[in-house]
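This is what each chain is made of:
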Amino acid sequence: VQLQASGGGFVQAGGSLTLSCAASGFTFTYYTMGWFRQVPGKEREFVAAVSRGGNTTPYADSVKGRFTISRDNDKKKVYLQMNNLKPEDTAVYYCAADRTIMTVVTIDKDQYDYWGQGTLVTVSS
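Residues numbered from 1 in each chain as written. Predicted model: local features only at pLDDT ≥ 70, side-chain atom pairs only at ≥ 80, totals over all residues. Heavy atoms only, no water.

Engineer: Quick question: what am I supposed to make of the overall build of the chain here?
Structural biologist: Along its length, the chain carries zero helices and ten strands. The C-alpha radius of gyration computed for the chain amounts to 13 Å, which stays within 12% of the reference 14 Å derived for 125 residues, consistent with globular compactness. When its C-alpha atoms are laid out on the principal axes, the chain stretches across 40 × 30 × 25 Å. In the chain, which comprises 125 residues, the proportion classed as buried is 42%. Residue pairs in contact within the chain that sit at least 24 positions apart in sequence constitute 60% of those at least 6 positions apart. Total accessible area on the chain stands at roughly 6,200 Å², and carbon and sulfur atoms take up 47% of it. Distance from the positive charge centre (13 side chains) to the negative charge centre (11 side chains) of the chain: 5 Å. (Helix = DSSP H or I, 4+ residues; strand = E, 2+ residues; numbered from the N terminus. Rg over C-alpha atoms; globule rule 2.2 N^0.38 Å. Buried < 20%, exposed > 50% of the residue type's maximum accessible area, 1.4 Å probe, protein only. Contact = heavy atoms within 4.5 Å. Areas by Shrake-Rupley, 256 points an atom, 1.4 Å probe, with all protein chains shown as cover. Lys, Arg positive; Asp, Glu negative; His and termini not counted. Charge placed at Lys NZ, Arg CZ, Asp CG, Glu CD.)

Put into structure tokens, the structure is as follows:
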């Protein structure tokens, strides 16, 4: 099983980045996919998730209206489009996979089965 996150980088406040996560080694369409983030000394926190079919997409209140999660089941990829970035969005971003039934989406990080290695996003003020 592998989740390979990419697309992080350095951006000024107000800018945009798109994160990608490529999945392999499991049946991608059986899994809800999520993005989480973590800063040193703090708990890993939920950012966004997308259901198996892509129809359900909960977001953390802090990113609602600025971030968009999507998935491509044919390519086995999940994306996080991040617009109007703020310095407080600076973190290591992780993609994760949760084995679920079709429409269930969880925001609880402890329910996720597989994790990627993380990609660093730095937003300067």
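Engineer: For this particular structure, what's the right way to read the nonpolar core?
Structural biologist: The tendency in soluble globular proteins is for nonpolar side chains to be buried side by side. One finds W35, L80, M82 and Y93 to be the most contacted residues of the largest nonpolar core, which totals 35 residues. Those elements giving two or more residues to this core turn out to be β1 (2–6), β3 (17–24), β4 (31–38), β5 (45–50), β6 (67–72), β7 (77–82), β8 (91–99) and β10 (119–124). In this structure, L80 is in contact with L17, T18, L19, W35, V47, A48, F67, T68, I69 and Y93, ignoring residues within four places of it in sequence. (Core = buried A, V, L, I, M, F, W, Y, C linked by side-chain atoms within 4.5 Å.)

Engineer: What's the story with the side chain of T32 in this structure? I'm lost.
Structural biologist: Tracing the chain through its elements places T32 in strand β4. For T32, a relative accessible area of 0% translates into the label buried. A distance of 3.0 Å separates a polar atom in the side chain of T32 from a polar atom in the side chain of T100. (Polar contact = N/O pair within 3.5 Å; in protein donor to acceptor, adjacent residues only side chain to side chain.)

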